[in-house]
Each structure stands twice: as structure tokens, then as C-alpha cells.
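# Analysis of the macromolecular model
Single-letter residue listing:
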Amino acid sequence: MTVWDDLVGQEKVSAVLDAAARDADALVTAAAADQPLPETSKMTHAWLFTGPPGAGRNQAARAFAAALQCVSPDRALGGSPGCGFCDGCHTALLGTHADVTSVAAVGSEILVKDMRDTVRKSFTSPANGRWQIILVEDAERLNEKSANAVLKAVEEPAPRTVWLLCAPSIEDVLPTIRSRCRHLNLRTPSVEAVADMLMRRDGIEPEVAASAARATQGHVDRARRLATDPAARERRAAVLKLPLRLDEVGACLRAAQELVDAAAEDAKQLAEEMDGKETEELKAALGAAQGGRMPRGTAGVMKELEDMQKRRRTRTQRDSLDVALGDLTAFYRDVLALQLGTRVALANADAEDALERLARVGTPESTLRRIEAISACREALDRNVAPLLAVEAMTMALRAG
């Protein structure tokens, strides 16, 4: 199993990255042996991965990072870097490699203070790997100051440093940054490719895999979660029942509250898993005495961690809400397909009775207005409108049609 096996439906991107990894390996080998460097190379110091949600931007970047750090002995025999089994590949894929640094937005933005240490590290030589790799998972969330910090590092990189930036589209990244990157655009994988991956990699039953892939319309991460997590399937089923409940104002308000509460519960569960561990690890690193007594002068550091955890909980809640809104959008898209009599395959075939019922009592125009209401709710959440207010406005609009 190579590192490229997780790139579902991205054969062209995999081929480009494989060729670049081979050239990168040749560059490091030639430099170590004091040999002349190759005159032409497909490797460059900065890459920009774009594509729609679920296409696998971060997975592609991490697979490339693993291939760059690959230390498999097969390379000397002409094998391609990225075996997936050696220590370099394994730790890079897990996120524990000392020379692969990942940066993700904790809140709505990546702040400059979150980038300072990373930018500083980008100018150092690899500690024990072959390359110093900086992976920015949410490059579209860089604010002005943090983007400028990244620009300075990308303009004059260290010889063995590689920047891997991930964003939904090339327009989401500053022109000055993207002009210095090699751009790779990933496409949404087909439903069949995602279903095949779930069966092959996760051992999912064919019927369940096909249903999850169809419901998420090729979103790899959501399809895997839907196929493997019964709670996720229950939440989706509850969301798909919501359009049939919006017959009065009180029902709209209750439905909105339930959606927000479910998202808050998701955020709470993640916080319980991560916050306690992070807090204890930081206390130990700061030299907390037995019984939890903290040394003097560490209150500020602990407050920073608490603020970061609070921002992460807020973002997790909004991300969970966004998943529910995506399910609602797909539901009304299926309603519209039935109303227009198209041959498009239904994403929510398991809710066909509800779809046909709403298709009969509504019009294509009212369905489009409902889809626009969901889109407006997403935009309001992006502007940091209070979640309950945004979702209540949406449910009222869905009722009005």
C-alpha cells in the first residue's frame, strides 16, 4: 500500500506528486553525495492544493509529505518514494514526524501568533528527515498578518524546506503567495470511487458503502464517518426529517434549537476528548507540582490554551452545523430533481417518500428559495452571526418556501 492509495479518484494529481517526489529524492541523494544536481526537476519549494470540500486536499498534501520523507531502501533499486510502511512515511501520515509541521485554523482565522514559530522553523534544516515540511491545512483562513508572514517565508525559503498550502480555490489565497506555488486542483471523486475505497480500505459492506458515498456525493471524510459511525447516521436521519416538521412557527423554532444543540454536543464531545489531555500535557511541561499546583508566571500560558480551546469548540460547532446544512441542501436538491423530472441520481434515495411528498406540494421556484435560505444561513455563520439566530431564520424561510 503506497501513500497514494488514499487519494480517491485523483490519478492525475498522484502522478504529478509521484514524479515530483522522485525528483526530490534525487536532489537530496545528489546533495548528500556531493554530486551535480539534476538540471531539470519537477520538484519545487511551494505547492498549493485546491479542490471542493471532501476532494482530499489535506490527504494529498500529507501523502506528498510522506513521500518526501520516505526512507524505504527500495528507492535505491528504482522504487518510487512513498512506500507507506517505512518510518518516514508512517510518522508523516500520522502527524508525528519531527520535520512535518501542520497548521490548522483553531477559530475562524489563522492568527499571526500561531504562525510565528512555524515560519521560524521553516528556515531551519531538517532535524532527522530529508525535508523540512510546513503543511497549512486552511490557507484560506490566513488573515492579512499571518499571510504576510507566510509570504516572506515562501519568497526566500531555506534550501530543504517545502510549503504545502491547502485551500478550496486558488482565489482564496493571496495572489503574491499563489504566484510562488505550483498549483494542483483536485476534483470531487465519483460516488463509485468513494464506495470502492470504503469497501477496500475500511471493510464496509457494499450496500452501506454505496449508500454513504451516494449520500455525501463523493465527500470522502463524511462518507467514511457516515459508513462507520452509527451516531452520524442517526443525526443525518434526524436532519432529513426536519423539512416535514416545519408546519408552524413553534415547530421551526424547536427544529432550529435541536440542530444547534446537536452541533454543540458534537463540540462538547470533541472538547472532552482533547481539552483535558492538552491541559494535563501543558501542566506537566510547565512543571506543575504534585496535586496540580502551578509554578508562578504560568497563568498566561494556561489562559492562552483555554482561549485556543474555546475558539476550537466554536469552530467545531459551526463545522458540525455546516454538515447538517449540507445534508439539507442535498435533500432539497433531490426534491428539485423530482420536480423537474431529471435523470439525476438521488443522493437521499433512503428518504424517497419524503422527497416525493415535498415535490408534490411545492414548486421548483419554492424549492430554489429554500436552497437559497440554507446558503444564506451558511453565509451568516461565516460572518459569526449567533448560530441559533441564523438557523431560526433559515427554518422560518424553509417553512415559507
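Everything below is about the structure printed above this text.
Just so you know, these numbers come straight off a predicted model, no measurement behind them. (Residues numbered from 1 in each chain as written. Predicted model: local features only at pLDDT ≥ 70, side-chain atom pairs only at ≥ 80, totals over all residues. Heavy atoms only, no water.)

## Quick word on the sheet that holds strand E3 (residues 132-136)
Across the sheet, 5 strands lie side by side as E2-E3-E4-E1-E5; this open sheet has parallel pairing. What marks the edges here is a single partner per strand, and that holds for strand E2 (100-103) and strand E5 (182-185). Geometrically, the sheet is characterised by an average inter-axis angle of 15 degrees between neighbouring strands, direction not taken into account. Pairing geometry for strand E1 (residues 46-50) and strand E4 (residues 161-167), over 5 bridges, is parallel. (Pairing = 2+ DSSP bridges. Helix = DSSP H or I, 4+ residues; strand = E, 2+ residues; numbered from the N terminus. Axes fitted to C-alpha atoms, helices over the stretch in contact; angles between N-to-C directions.)

## Observations regarding empty space enclosed by the protein
Counted by the stated rule, this structure contains 1 cavity of 30 Å³ or more. Elements represented by at least two residues in the lining of the largest cavity include exactly helix H11 (249-285) and helix H12 (299-340). Residue contributions to the lining of the largest cavity peak at 5 residues, all from H11. Of the residues assigned to the lining of the largest cavity, the class counts are 4 nonpolar, 2 polar and 3 charged. (1 Å grid on protein atoms, 1.4 Å probe; cavity = no way out; pocket = protein on both sides within 12 Å on 5 of 7 lines; lining within 4 Å. Points joined across faces, edges and corners; volume = space filled by probe spheres on them. Nonpolar A, V, L, I, M, F, W, Y, C, P; charged D, E, K, R; others polar.)

## Section: the nonpolar core
Counting 36 residues, the largest nonpolar core has Met43, Trp47, Phe49, Phe64 and Leu164 as the members making the most contacts within it. Listing elements by their share of this core, those giving two or more residues are helix H1 (11-32), E1, helix H2 (57-68), helix H3 (87-94), E3 and E4. The element contributing the most residues to this core is H2, with 8 residues. Here Phe49 is in contact with Leu17, Arg57, Ala60, Ala61, Phe64, Leu164, Leu165, Cys166, Ala167, Leu184 and Leu186, once residues within four sequence places are set aside. Core analysis: the second largest hydrophobic core is formed by 31 residues, Ala255, Ala354, Ala359 and Leu398 among them. (Core = buried A, V, L, I, M, F, W, Y, C linked by side-chain atoms within 4.5 Å. Buried < 20%, exposed > 50% of the residue type's maximum accessible area, 1.4 Å probe, protein only. Contact = heavy atoms within 4.5 Å.)

## Concerning the pattern of salt bridges
Between side chains of opposite charge, a pair can form when the charged atoms approach closely. Enumeration according to the criterion identifies 16 salt bridges in this entry. With its nearest N and O atoms 3.2 Å apart, the salt bridge here joins Asp202 to Arg224. Of this pair, Asp202 sits in helix H7 (residues 191-202) while Arg224 sits in helix H9 (residues 220-228), and the two are 22 residues apart along the sequence. Salt bridges here are not isolated pairs; linked through shared partners, they connect Arg222, Asp322 and Arg378. (Salt bridge = Lys/Arg side-chain N within 4 Å of Asp/Glu carboxyl O.)

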